[in-house]
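# Understanding the architecture of this molecule
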Amino acid sequence: MKELQDAVYNRIVELSEQGDQLAEKMKLDEAILKYQQALELLPEPIYLWEASTWLFAAIGDAYYLSEQYDRGLNAFLEAQKCPDALDNPFICMRIGECFYEIGNFEKAESYLLGAYMLDGKEVFLEEEPKYWNFLEKRIAKQPE
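Residues numbered from 1 in each chain as written. Predicted model: local features only at pLDDT ≥ 70, side-chain atom pairs only at ≥ 80, totals over all residues. Heavy atoms only, no water.

### Looking at helix H2 (residues 28-40)
With 13 residues, H2 extends 18 Å from end C-alpha to end C-alpha; this agrees with the ideal 18 Å at 1.5 Å per step. Every buried residue of H2 is listed here: Leu28, Ala31, Ile32, Tyr35, Ala38 and Leu39. Seen from one end, H2 has its buried residues packed into an arc of 120°, which puts them on one side. Relative to its buried face, H2 has exposed residues pointing more than 90 degrees away, namely Asp29, Leu33 and Glu40. Those residues of H2 that are buried are in contact with helix H1 (6-24) and helix H3 (50-65). (Helix = DSSP H or I, 4+ residues; strand = E, 2+ residues; numbered from the N terminus. Expected span 1.5 Å × (residues − 1). Buried < 20%, exposed > 50% of the residue type's maximum accessible area, 1.4 Å probe, protein only. Arc of directions from axis to C-beta. Contact = heavy atoms within 4.5 Å.)

Following this line, the structure appears as structure tokens:
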């Protein structure tokens, strides 16, 4: 896989770190802008770069935390088009949580189960208990 030029990569990391610091302070709109600025630095097609995976995931997480679940879902689905995203339990879990919050419980179950299969119950430990409780009840109803 091709690598980004050092100057471009360093600027992307810098913007991403600024976004992370803003997100920690719950300045989520400002964080999203930093992540989007970083994404704009990636050469086309952006889906080929590992940085796109974590940038889309960071955008999705900021939207999720600001309860903009549709936008979060869209960002996480974009992340899934990027390198190493399909087997990322965090991305899978957040997609499931977004589907849960918008009321698509069938897809929520599918993605939450996927996150569980990738990383076990640990992926749910710092999340709202309602997601694990939902998944546990749905699994219990499955025929043997």
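### As for the pattern of salt bridges
Taken as a whole and assessed by the stated rule, the structure comprises seven salt bridges. A salt bridge links Arg94 to Asp61; the shortest N-O distance between them is 2.7 Å. Here Arg94, found in helix H5 (residues 89-101), pairs with Asp61, found in helix H3; they are 33 residues apart in sequence, far enough to count as distant. The exposure classification of Arg94 matches that of Asp61, with both residues buried. Salt-bridge contacts for Glu78 lead to Lys81; the nearest nitrogen and oxygen are separated by 2.8 Å. The exposure class of Glu78 is partly exposed, given its relative accessible area of 22%. What makes Lys81 partly exposed here is its relative accessible area of 49%. Put simply, Asp61, Arg94, Glu97 and Glu127 are held in one network by salt bridges that share partners. (Salt bridge = Lys/Arg side-chain N within 4 Å of Asp/Glu carboxyl O.)

In short, the description is geometric, and any link to function would need to be established separately.
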